[in-house]
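# An overview of the molecular structure
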Amino acid sequence: MADPRARRTPRLTTAEVRRTERLTPHMVRVVLAGPEEFGAGEFTDHYVKLQFPRPGVEYPEPFDLQRIREELPREQWPVTRTYTVRRWDADARELWLDFVVHGDEGIAGPWAANVKPGEVLRFAGPGGGYAPAPDAEWHLLAGDESALPAIAAALERLPAGAKARAFIEVSGPEEEQKLESAADVELTWLHRSGARVGERLVEAVRKLDLSGDVQAFVHGEAGFVKELRPLLRKERGLAKERVSISGYWRLGHNEDAWQATKREFDPQV
Ligand SMILES: Cc1cc2nc3c(=O)[nH]c(=O)nc-3n(C[C@H](O)[C@H](O)[C@H](O)COP(=O)(O)OP(=O)(O)OC[C@H]3O[C@@H](n4cnc5c(N)ncnc54)[C@H](O)[C@@H]3O)c2cc1C
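A few points on the structure. (Residues numbered from 1 in each chain as written. Predicted model: local features only at pLDDT ≥ 70, side-chain atom pairs only at ≥ 80, totals over all residues. Heavy atoms only, no water.)

## Here's the deal with the overall build of the protein chain
Within the protein chain one finds seven helices and twelve strands. A compact globule built from 269 residues would reach a C-alpha radius of gyration of about 18 Å, and the protein chain, at 19 Å, matches this within 12%. Seen through its principal axes, the protein chain has C-alpha atoms that stretch 55 × 45 × 40 Å. In the protein chain, which comprises 269 residues, the proportion classed as buried is 49%. Put simply, 69% of the contacts in the protein chain that link residues at least 6 apart link residues at least 24 apart. When the 38 positive and 44 negative side-chain charges of the protein chain are each reduced to one mean point, those points stand 3 Å apart. (Helix = DSSP H or I, 4+ residues; strand = E, 2+ residues; numbered from the N terminus. Rg over C-alpha atoms; globule rule 2.2 N^0.38 Å. Buried < 20%, exposed > 50% of the residue type's maximum accessible area, 1.4 Å probe, protein only. Contact = heavy atoms within 4.5 Å. Lys, Arg positive; Asp, Glu negative; His and termini not counted. Charge placed at Lys NZ, Arg CZ, Asp CG, Glu CD.)

As structure tokens, this is what we get:
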């Protein structure tokens, strides 16, 4: 019989940073020299759980999450941060992760802003759960910068003839990126210009006519996600299986605090 702990402990990949690219003032692409095999492809919101070692802690070699969890106290386990697989190129064996550089606070953002080729990154995954449904009449994609990689991947997946409306909220025009799609896409960049994160997105989605068989992908800061969930599901009656919606991060909370409090903050999750 399979060891139940093996099922709970995700597979770990160690990859080297091949190059980095500053996409915009606040977005950095880190390209990893990918593993031999990587199970990404089914979803456009595939994500990995990055494992950042804690300074001063000696981890067993080879680095083994199961052993770490068994042998070390929880406060010494690596710090986990979640990032979307912006692209997995199996031929080039390249894995792209796009990081929001949101200041000096935190671990992953500052790491991405400063990392150099040759450095090593460990991660578990990929997980994922959404891809544009081929039978949807149209697609609504809405998010802030943290969801931009997943929205970009979804737009790239949409075939010619598909219809989409995308709303991406960024701090200002300098954060816009060129996104590719074969589909018929109406893309709106919303500039925060000092407003609270998500405010412009909520306004934009509230104004929309959501008639027809629409599939929605809405992700980003937890506060606006909490406002949009009842709007989409209760007010506008979108079916549960047509809506992918979750808080990717929460203002004023690091990822550990957000993950620990998400059900309390938004019981409908
Ligand atoms: C499934 C999933 C996919 C994700 N994909 C991506 C992705 O592709 N790219 C990406 O950049 N993020 C993505 N995120 C969000 C990312 O995991 C969080 O933003 C994470 O908190 C960043 O870690 P950190 O160490 O930089 O900051 P933390 O240590 O977690 O937080 C430090 C402080 O920074 C604030 N903060 C965190 N993120 C942001 C932000 N985006 N903007 C402004 N302030 C912030 C926090 O509120 C906190 O006050 C994803 C999250 C999930 C759940």
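## Here's the deal with the sheet that holds strand E10 (residues 184-191)
Spatial ordering of the open sheet is given by E10-E9-E8-E11-E12, a layout of five strands whose pairing is parallel. The strands lining the two open edges of the sheet, one partner per strand, are E10 and strand E12 (243-249). Here the average twist between neighbouring strands, direction ignored, is 10°. As paired elements, strand E8 (residues 138-143) and strand E9 (residues 163-170) share five bridges and run parallel to each other. What sits directly across from Gly143, in E9, is Ile168. The strands that helix H6 (residues 222-235) touches are E8, strand E11 (214-221) and E12; relative to E11, the one it contacts most, it runs at about 160°. (Pairing = 2+ DSSP bridges. Axes fitted to C-alpha atoms, helices over the stretch in contact; angles between N-to-C directions.)

## Some words on the site of the ligand
In the neighbourhood of the ligand, 24 residues make up the surrounding shell, with Arg81, Thr82, His102, Ile107 and Arg250 lying closest. Taking Thr82, its main chain carries an N or O atom lying 2.7 Å from an oxygen atom of the ligand. One of the backbone N or O atoms of Asp98 is found 2.8 Å from a nitrogen atom in the ligand. When the free accessible area of the ligand is taken as 910 Å², the share hidden by the protein chains comes to 90%. Secondary structure elements with two or more residues in the shell around the ligand: strand E4 (79-84), strand E6 (94-100), helix H3 (108-114) and E12. A per-element tally of the shell around the ligand places E4 first, with four residues. Among the residues forming the shell around the ligand, the class breakdown is ten nonpolar, nine polar and five charged. Three or more residues apiece are contributed to the shell around the ligand by two domains, here domain 1 (7-127) and domain 2 (138-265). (Near = heavy atom within 4 Å. Polar contact = N/O pair within 3.5 Å; in protein donor to acceptor, adjacent residues only side chain to side chain. Areas by Shrake-Rupley, 256 points an atom, 1.4 Å probe, with all protein chains shown as cover. Nonpolar A, V, L, I, M, F, W, Y, C, P; charged D, E, K, R; others polar. Domains from an automatic or database assignment.)

## Some thoughts on the environment of Pro159
Within the fold, Pro159 resides in the loop between helix H4 (148-157) and E9. For the pair Pro159 and Pro132, spaced 27 residues apart in sequence, the C-alpha to C-alpha distance is 9.8 Å. Setting aside residues up to four positions removed in sequence, Pro159 forms contacts with Ala182 and Ala183.

## Quick look at the packing of helix H5 (residues 199-206) against H6
Across the interface, H5 lies against H6 with an axial gap of 9 Å and an inter-helix angle of 10°. For the element pair H5 / H6, the angle class is roughly parallel. Two secondary-structure elements touch here, H5 through Leu201, Val202, Val205 and Arg206 and H6 through Phe224, Glu227, Leu228, Leu231, Leu232 and Glu235. (Parallel < 35°, antiparallel > 145°, perpendicular 65-115°, else oblique.)

## Observations concerning helix H7 (residues 255-265)
For H7, the full list of buried residues reads Glu255, Trp258 and Phe265. Angularly, the buried residues of H7 cover 75° about the axis, an arc narrow enough to put them on a single face. Seen from the open side of H7, the exposed residues pointing more than 90 degrees away from its buried face are Ala260, Arg263 and Glu264. Taken together, the buried residues of H7 touch strand E3 (47-52), E4, H6 and E12. (Arc of directions from axis to C-beta.)

## Quick look at the side chain of Arg86
In this fold, Arg86 is placed in the loop between E4 and strand E5 (87-89). Apart from the residues lying within four places of it in its own chain, the contact partners of Arg86 are Arg29, Trp96, Asp98, Pro149, Ala152, Ala153 and Glu156.

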